[in-house]
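Each chain, written out:
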Amino acid sequence: MKIKNSFYSIWATFDNKNQAYIQKINRKINKKLKGPDFPIHMTLSSGFSGTKKNITKKMMAVLYKSGQFYIETNKYGYKNTFFQSLYVNVKKNKNLIFKKKIIDNLLNCKTKFFNPHISLYYGYKSNSIKNKIISKLPKSKKKIKVINLCIAINNEKKLKWRIVKKIPI
């Protein structure tokens, strides 16, 4: 299924406890800053086309080389970009980079830049506002268990994101 102005991405989602914890922080920030709603996730690969069926088939191959894993966070961060405005920074490690390479190779994804993070807010606000928000946030969890790989459809023009297939790992 081809969707106009949309593309697919592969997301990691987390165990229920951590998913709820991060979602609570996201809602608190969005209540103040009025950002768009989006599912809590960490993008592993993005910007490719295809069909849900074909992508799912390829992702099943990843599962044989994957399994549940943990990510480590080290602090909150921000950038002056819409989609990485305010986030939880995720440490790069060999295991995470390896999983991304497997997915990119299977899906023929050309994007090489990888800044692993868990977005908390999409939008444009000043750095001083973001610093003030960060100063009031609880400490970020240090270790988070990844339990699903998800196929998502992204329409960044309409600010819509939807998980179309959740694959437990």
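The structure this text deals with has already been given above.
Residues numbered from 1 in each chain as written. Predicted model: local features only at pLDDT ≥ 70, side-chain atom pairs only at ≥ 80, totals over all residues. Heavy atoms only, no water.

Novice: What should I look at first to understand the pairing of strand 4 (residues 86-90) in this one?
Specialist: Successive residues of a regular strand alternate their side chains across the two faces of the sheet. Buried residues dominate strand 4, accounting for 5 of its 5 residues. As judged from the 5 bridges shared by strand 3 (residues 69-78) and strand 4, these two strands associate in the antiparallel manner. The residue bridging Thr73 from the neighbouring strand is Val90, located in strand 4. Pairing of strand 4 with strand 5 (residues 117-121) involves 4 bridges; the strand directions are antiparallel. When the bridges of strand 5 are listed, Tyr87 appears paired with Ser119. (Buried < 20%, exposed > 50% of the residue type's maximum accessible area, 1.4 Å probe, protein only. Helix = DSSP H or I, 4+ residues; strand = E, 2+ residues; numbered from the N terminus. Pairing = 2+ DSSP bridges.)

Novice: It is not clear to me how the environment of Tyr87 should be interpreted in this structure. Could you clarify?
Specialist: Relative to the helices and strands, Tyr87 resides in strand 4. Exposure remark for Tyr87: the relative accessible area of 7% places this residue in the buried category. Once the C-alpha coordinates of Tyr87 and Tyr121 are considered, the two residues, 34 residues apart in sequence, prove to be 6.8 Å apart.

Novice: Mind showing me how you'd approach the environment of Ile133 here?
Specialist: For Ile133, the location among the structural elements is in helix 4 (residues 127-135). In this structure Ile133 comes out as buried when scored by relative accessible area, which is 12%. A C-alpha to C-alpha distance of 9.3 Å links Ile133 and Leu86, two positions 47 residues apart in sequence. Apart from residues no more than four positions distant in its own chain, Ile133 is found in contact with Ile29, Lys32, Leu33 and Leu86. (Contact = heavy atoms within 4.5 Å.)

Novice: Explain the packing of aromatic side chains to me, please; I cannot follow it from the model alone.
Specialist: Here the structure, examined in full by the defined rule, presents 8 aromatic pairs. Seen in terms of ring centroids, Phe83 and Trp161 are 6.2 Å apart; in terms of plane orientation they differ by 80°. Their pairing is edge-to-face. Within this pair, whereas Phe83 is found in the loop between strand 3 and strand 4, its partner Trp161 is found in strand 7 (residues 160-168), the two being separated by 78 residues in sequence. Taking relative accessible area as the criterion, Phe83 reaches 26% and is therefore assigned partly exposed. Through a chain of ring-to-ring contacts, the aromatic side chains of Phe38, Phe82, Phe83, Tyr122, Tyr124 and Trp161 assemble into a single cluster. Here Lys141 stacks its cationic end above the ring of Tyr21, 4.4 Å away from the centre of that ring. Sitting over the face of the ring of Tyr70, Lys143 holds its NZ or CZ atom 5.0 Å from the ring centroid. (Phe/Tyr/Trp six-rings, centres within 6.5 Å; stacked < 30°, edge-to-face > 60°. Lys NZ or Arg CZ within 6 Å of the ring centre and 35° of its normal.)

Novice: Is there a simple way to think about the pattern of salt bridges in this case?
Specialist: All chains considered together, the criterion is met by 1 salt bridge. Ionic pairing is found between Asp104 and Lys100, a salt bridge with its closest N-O pair at 2.9 Å. Separated by 4 residues within a single helix, Asp104 and Lys100 lie in helix 3 (residues 94-107), roughly one turn from each other. Just as Asp104 is buried, Lys100 falls in that class too. (Salt bridge = Lys/Arg side-chain N within 4 Å of Asp/Glu carboxyl O.)

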